[in-house]
Amino acid sequence: MLDSVALRARLDGVRDRVMRAARRAGRDASSVRVVAVSKTFTAEDVRAAAVAGQVDFGENKVQEALQKMGQTSDLHIKWHLVGHVQSNKARKAGAQFDYVHSVDRAELATKHGTREEDLAPIFDAARGCRAVRIVGLMLLPPAVADPGEARPYFRELRDVRDRLLARGVDASMVRELSMGMSHDFEVAVEEGATMVRVGTAIFGQRNSMETSE
Ligand SMILES: *Cc1c(COP(=O)(O)O)cnc(C)c1O
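Residues numbered from 1 in each chain as written. Predicted model: local features only at pLDDT ≥ 70, side-chain atom pairs only at ≥ 80, totals over all residues. Heavy atoms only, no water.

This next bit is on the overall build of the protein. A count of helices and strands for the protein gives eight helices and seven strands. Here the C-alpha atoms of the protein give a radius of gyration of 17 Å, agreeing with the 17 Å that 2.2 N^0.38 yields for 213 residues. Of the roughly 11,100 Å² of accessible surface on the protein, a fraction of 50% belongs to carbon and sulfur atoms. In the protein, which carries 32 positive and 30 negative side-chain charges, the distance between the mean positions of the two groups comes to 3 Å. (Helix = DSSP H or I, 4+ residues; strand = E, 2+ residues; numbered from the N terminus. Rg over C-alpha atoms; globule rule 2.2 N^0.38 Å. Areas by Shrake-Rupley, 256 points an atom, 1.4 Å probe, with all protein chains shown as cover. Lys, Arg positive; Asp, Glu negative; His and termini not counted. Charge placed at Lys NZ, Arg CZ, Asp CG, Glu CD.)

Below, the structure written as structure tokens:
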């Protein structure tokens, strides 16, 4: 289990950096949500972060997430699935998570990411579906050494959003931009992220054996 004092300090540090990045961009910091990515960490670690005021948590595996949900059901937590969804788990995921960041096909099959031209069928399918609401776009850019190198990708997602709006997609379907991780979330906030998915900077290094996805 993690040291809860250190955890709280790291959480505060991340929140402070988000606030300063928002200010640099002339944005309201309250428009940015920090999703604490707790994959590989324990339900007790989630609990410690929740006690420190963290509300949004992200997991990349449905099974692992369901376990932690069960162990923290007394807490007010919003759960985000940030890993890709296998079709046989999609129903469960849809029912259990508040947000699924990684929908990449209308049929929720397994594929990492989608091309801009494939977005329309996803939006169309969601429009006709009562159980699912699309609220935005998520980006996982290629790994780069310097956070600044991720900036063009963040800008591009914002541009994709703007093109969808120009094509008449309802604003409520593209209000969230999920982009930015521990090493580049400040750049993402400067470029318009409304959700940053931060693991390491909050919980510390993950065991490298368990970081798949
Ligand atoms: C693990 C993960 C993160 C968090 O990564 P860190 O570098 O630890 O902040 C964010 N997004 C996705 C999709 C992830 O799988």
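Structure shown, so let's carry the discussion forward.
Before going further, it helps to spend a moment on the packing of aromatic side chains. Enumeration according to the criterion identifies two aromatic pairs in this entry. Considering the side-chain rings of Phe57 and Trp79, the 5.9 Å spacing of their centres and the 40 degrees angle between planes classify their relative orientation as tilted. With Phe57 in strand E2 (residues 56-59) and Trp79 in strand E3 (residues 78-81), the pair connects residues that are 22 residues apart, well separated along the chain. Trp79 carries the same exposure label as Phe57, and that label is buried. (Phe/Tyr/Trp six-rings, centres within 6.5 Å; stacked < 30°, edge-to-face > 60°. Buried < 20%, exposed > 50% of the residue type's maximum accessible area, 1.4 Å probe, protein only.)

Let us now look at the nonpolar core. Side chains of a nonpolar character, in soluble globular proteins, are inclined to be buried together. If you look at the biggest cluster of nonpolar residues, it comprises 54 residues, and the most contacted ones within it are Phe57, Phe123, Val196 and Ile202. In this structure Val196 touches Val18, Val32, Arg33, Val34, Val35, Met179, Gly180, Phe185 and Val189, once residues within four positions along its chain are discounted. (Core = buried A, V, L, I, M, F, W, Y, C linked by side-chain atoms within 4.5 Å. Contact = heavy atoms within 4.5 Å.)

Here the focus is the site of the ligand. The full set close to the ligand counts twelve residues, and Lys39, Ser182, Gly199, Thr200 and Arg206 are the nearest of them. Burial of the ligand by the protein chains amounts to 93% of its free accessible area of 390 Å². In terms of residue class, the shell around the ligand is built from five nonpolar, three polar and four charged. (Near = heavy atom within 4 Å. Nonpolar A, V, L, I, M, F, W, Y, C, P; charged D, E, K, R; others polar.)

Attention shifts here to helix H6 (residues 151-166). For H6, which comprises 16 residues, the first-to-last C-alpha distance of 22 Å matches the rise-based estimate of 22 Å (1.5 Å per residue) to within 8%. Burial in H6 covers these residues: Phe154, Leu157, Val160, Arg161 and Leu164. Here the buried residues of H6 occupy an arc of 115 degrees about the axis, which is enough to place them on one side. Every exposed residue of H6 that faces more than 90 degrees away from the buried side is listed here: Pro152 and Ala166. (Expected span 1.5 Å × (residues − 1). Arc of directions from axis to C-beta.)

Attention now goes to the pairing of strand E7 (residues 195-198). Here E7 shows no split at all, with Met195 and Arg197 on one side and Val196 and Val198 on the other all buried. Examined bridge by bridge, strand E1 (residues 33-37) and E7 share four bridges and lie parallel to one another. Bridged to Ala36 within E7 is Val198. (Pairing = 2+ DSSP bridges.)

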